[in-house]
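# Structural characterization, general
Each chain, written out:
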Amino acid sequence: MAKKAIASLALLATAAVAMSGCAGSGSDDASNTIDGDIKGEIKVLTWRTDLVQDGTYDRYVKEFEAKYPDVKVKIEAVTDYATEMQTRMSTSNYGDVIGIPTIKPDQFDQFLEPLGKTSSFEDTYRFLPAASYDGTQYGIAWGGNANGVVYNKKVWEEAGITELPTTEDEWLEDLQKIKDKTDAVPLYTNYKAGWTLTQSFGNLGAITDDPDAPITLAEDKAPWTEGTDQYAIDSLLYDSVAAGLTEDDPLTTDWEQSKVLIGTGKIGAMTLGSWAVSQMKAAAEDNGASADDIGFMAFPANVDGQQYAVIGGDYNLGVSKHSKAKAAAWAFIQWIVGESDYVEVQGMVPTVKSQPLPEALTSFEDAGVELMEINPAPAGKEALLNTTADKAQIDLYGPIYRQKMVDIARGAADGDKESYFAELNDKWGAAVESVKG
């Protein structure tokens, strides 16, 4: 399953839905971290149903309760987490520790207990802006993800590639080598699944080293023009397909099977977030190959020779405003973020700055790739990108316009790259003007 796919896209999403009910007052003193005795019973709601099923959460509970014997932890897995939480949070019964669902920042204090001043966490944690409002922190991310390309090292080595690409031209040359010298599909689009085509959007900002890229895109009247992040991201896909360097029939792609194919050397690369690395490694081992064959590289672009990779947090963990054991709930968050082996096992970017990057991302360090976080949108522009996309009727976070792009590139639809990008620019430009009003 794509357990991190939605979270990966959420790094760029700026929309938030209003929630009603469950109104509460602010913290007695938002400048202080939650204190009190660490005791009582807490319920932890989680979207990670797999970690409940495989016993990982049982182990976490035992380890936590061994450190805090006066706390009893109950875990509840929620299958359709995002939808279910919208309903639950209209009541006061939504657990003690939660993965914060989509809430407008100015409503955080209605549902969540403030953890303290954001400034007091900045030296310790990454990924703070998404759960911060007006200088107060309401959540801590349970690990993060980097955006880039998952690839099979063995395939690239068999093709004679000794250095990873840092430009689109080098990328296309390398994929051609894979096609010519191996039996692997150079780039697998996973077209049929749809959401997989959206993963490259997470690289927005990395191509031009622009931490304000979502706002830059929202205000650009022609973002599908050479020199922009959006052009580079979509051009890479279009040109790869047009050059015949992807699967023969995209209509028959299979997400679950693609894990096996890349793990066993039948696929050279897939543009996904680092969340996928652990799944591909597991598929490799389960099918007689080596987990060491799976690697992760930065998006093939650079600014004056420097490569960048956008990182962002997964779900933020927060304490319910209605919890009767807030100190225990806060202790659990700090423990699972800072002391459990979650990020190490999952191959995620640690939220705690002092912790090392996972093995899957050490190649970033070796290549000198600089990690970057996207800045939060300025006040009044939080929903600007989504509003513009809606006006343009371009599903920026969805697969439809990208699937059409692939169809054009493979000759299954009318047009070419120039005409399609011009069409996208026309729609987007009109939307920018309309939103500016």
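Residues numbered from 1 in each chain as written. Predicted model: local features only at pLDDT ≥ 70, side-chain atom pairs only at ≥ 80, totals over all residues. Heavy atoms only, no water.

Attention shifts here to unusual backbone geometry. Positive phi values are uncommon outside glycine, yet D209 reaches one of about 55°. The topology assignment puts D209 in the loop between β10 (185–187) and α8 (213–219). Positive phi values are uncommon outside glycine, yet Q393 reaches one of about 55°. Its place among the elements puts Q393 in the loop between α15 (384–392) and α16 (400–409). Taking relative accessible area as the criterion, Q393 reaches 70% and is therefore assigned exposed. (Helix = DSSP H or I, 4+ residues; strand = E, 2+ residues; numbered from the N terminus. Buried < 20%, exposed > 50% of the residue type's maximum accessible area, 1.4 Å probe, protein only.)

Before going further, it helps to examine the sheet that holds strand β13 (residues 308–313). Strand order in this open sheet of 3 strands is β8-β13-β15, and the pairing throughout is mixed. The two strands at the open ends of the sheet, each matched to only one other strand, are β8 (144–146) and β15 (370–373). Between one strand and the next, the sheet's axes are offset by a mean angle of 35°, whatever the strand orientation. Judged from the 3 bridges that link them, β8 and β13 form a sheet pairing that is antiparallel. Bridge pairing in β13 links G144 to G313. (Pairing = 2+ DSSP bridges. Axes fitted to C-alpha atoms, helices over the stretch in contact; angles between N-to-C directions.)

Reading across from one edge, β4-β6-β5 is the order of the 3 strands in this open sheet, with antiparallel pairing throughout. Every interior strand has two partners, whereas the edge strands, β4 (116–117) and β5 (132–133), have only one. Sheet topology places β4 next to strand β6 (residues 136–137); 2 bridges connect them, and they run antiparallel. Paired with G116 across the strands is Q137, a residue of β6.

On to helix α4 (residues 81–88), then. When α4 is considered as a whole, its buried residues turn out to be Y81, M85 and R88. The buried residues of α4 occupy one face: seen down the axis, they fall within an arc of 60°. (Arc of directions from axis to C-beta.)

This paragraph deals with empty space enclosed by the protein. Vacant regions in the atomic arrangement are exposed by a probe of water-molecule size rolled over the atoms. Counted under the stated rule, the structure contains 2 cavities of 30 Å³ or more. Empty space within the largest cavity amounts to approximately 120 Å³. Residue lining of the largest cavity: L187, Y188, T189, T196, L197, S200, I233, D234, L236, L237, T271 and R402, and that is the complete set. Per-element tally for the lining of the largest cavity: the top contributor is helix α9 (residues 229–242), with 4 residues. Each residue belonging to the lining of the largest cavity can be placed in one class, and the counts come to 6 nonpolar, 4 polar and 2 charged. For the second largest cavity, the full set of lining residues is V44, L45, W47, Y57, V97, I98, G99, W142, L317, F332 and I336. Every element with two or more residues in the lining of the second largest cavity is listed here: β1 (40–46), β3 (97–99) and α12 (326–338). By residue number, the principal contributor to the lining of the second largest cavity is β3, which donates 3 residues. Split by residue class, the lining of the second largest cavity holds 10 nonpolar, 1 polar and no charged. (1 Å grid on protein atoms, 1.4 Å probe; cavity = no way out; pocket = protein on both sides within 12 Å on 5 of 7 lines; lining within 4 Å. Points joined across faces, edges and corners; volume = space filled by probe spheres on them. Nonpolar A, V, L, I, M, F, W, Y, C, P; charged D, E, K, R; others polar.)

What the rule picks out here adds up to 25 aromatic pairs. Linked through ring pairs, W47, Y57, Y60, F64, Y68, Y81, W142, Y315, F332, W335 and Y342 together constitute an aromatic cluster. The ring of Y191 has R410 sitting right over it, with the charged end atom 5.9 Å from the ring centre. (Phe/Tyr/Trp six-rings, centres within 6.5 Å; stacked < 30°, edge-to-face > 60°. Lys NZ or Arg CZ within 6 Å of the ring centre and 35° of its normal.)

Mapped onto the fold, D407 is located in helix α16. Discounting chain neighbours no more than four positions away, the residues touching D407 are Y191, A412 and A413. (Contact = heavy atoms within 4.5 Å.)

What follows covers the pattern of salt bridges. One pass over the full model with this rule turns up 18 salt bridges. With a shortest N-O distance of 3.2 Å, D341 and R59 are connected by a salt bridge. Residue D341 is located in the loop between α12 and α13 (342–346), and its partner R59 is located in helix α3 (residues 56–67); the two are separated by 282 residues in the primary sequence. For D341, a relative accessible area of 24% gives the class partly exposed. For K221, the salt bridge is made with E433, and the minimal N-O distance between the two is 2.4 Å. Of this pair, K221 sits in the loop between α8 and α9 while E433 sits in helix α17 (residues 417–436), and the two are 212 residues apart along the sequence. Take K221: its relative accessible area is 41%, and that puts it in the partly exposed class. When salt bridges that share partners are traced, they join K43, E76, E84 and R88 into one network. (Salt bridge = Lys/Arg side-chain N within 4 Å of Asp/Glu carboxyl O.)

Glancing now at the packing of α9 against α16. Packed helices, taken two at a time, are described by their axes: the angle between them and the distance between them. The interhelical angle for the contact between α9 and α16, taken along N-to-C directions, is 40°, at an axis separation of 8 Å. By the angle class used here, α9 and α16 are oblique. As α9 runs across α16, the sense of the crossing is right-handed. Residues Q230, D234, L237, Y238, V241 and A242 of α9 touch α16, and the partners they reach there are Y401, R402, M405, V406, I408 and A409. (Parallel < 35°, antiparallel > 145°, perpendicular 65-115°, else oblique. Left-handed = near helix turned anticlockwise from the far one by under 90°.)

This next bit is on a negative patch on the surface. Together, E163, D169, E170 and E173 make up a region of like negative charge exposed at the surface. With respect to the element layout, D169 can be found in helix α7 (residues 168–181). (Patch = residues over 30% accessible without salt bridge, like charges linked within 9 Å, V, L, I, M, F, W, Y side chains within 5 Å. Areas by Shrake-Rupley, 256 points an atom, 1.4 Å probe, with all protein chains shown as cover. Lys, Arg positive; Asp, Glu negative; His and termini not counted. Charge placed at Lys NZ, Arg CZ, Asp CG, Glu CD.)

This part covers helix α11 (residues 277–286). Among the residues of α11, V277, Q279, M280, K281, A283 and A284 are the ones counted as buried. Tucked into the core, α11 has its buried residues touching β9 (149–152), α10 (255–263), β11 (267–270) and β12 (294–297). Backbone geometry just downstream of α11 places G288 in the positive-phi region, at approximately 80°.

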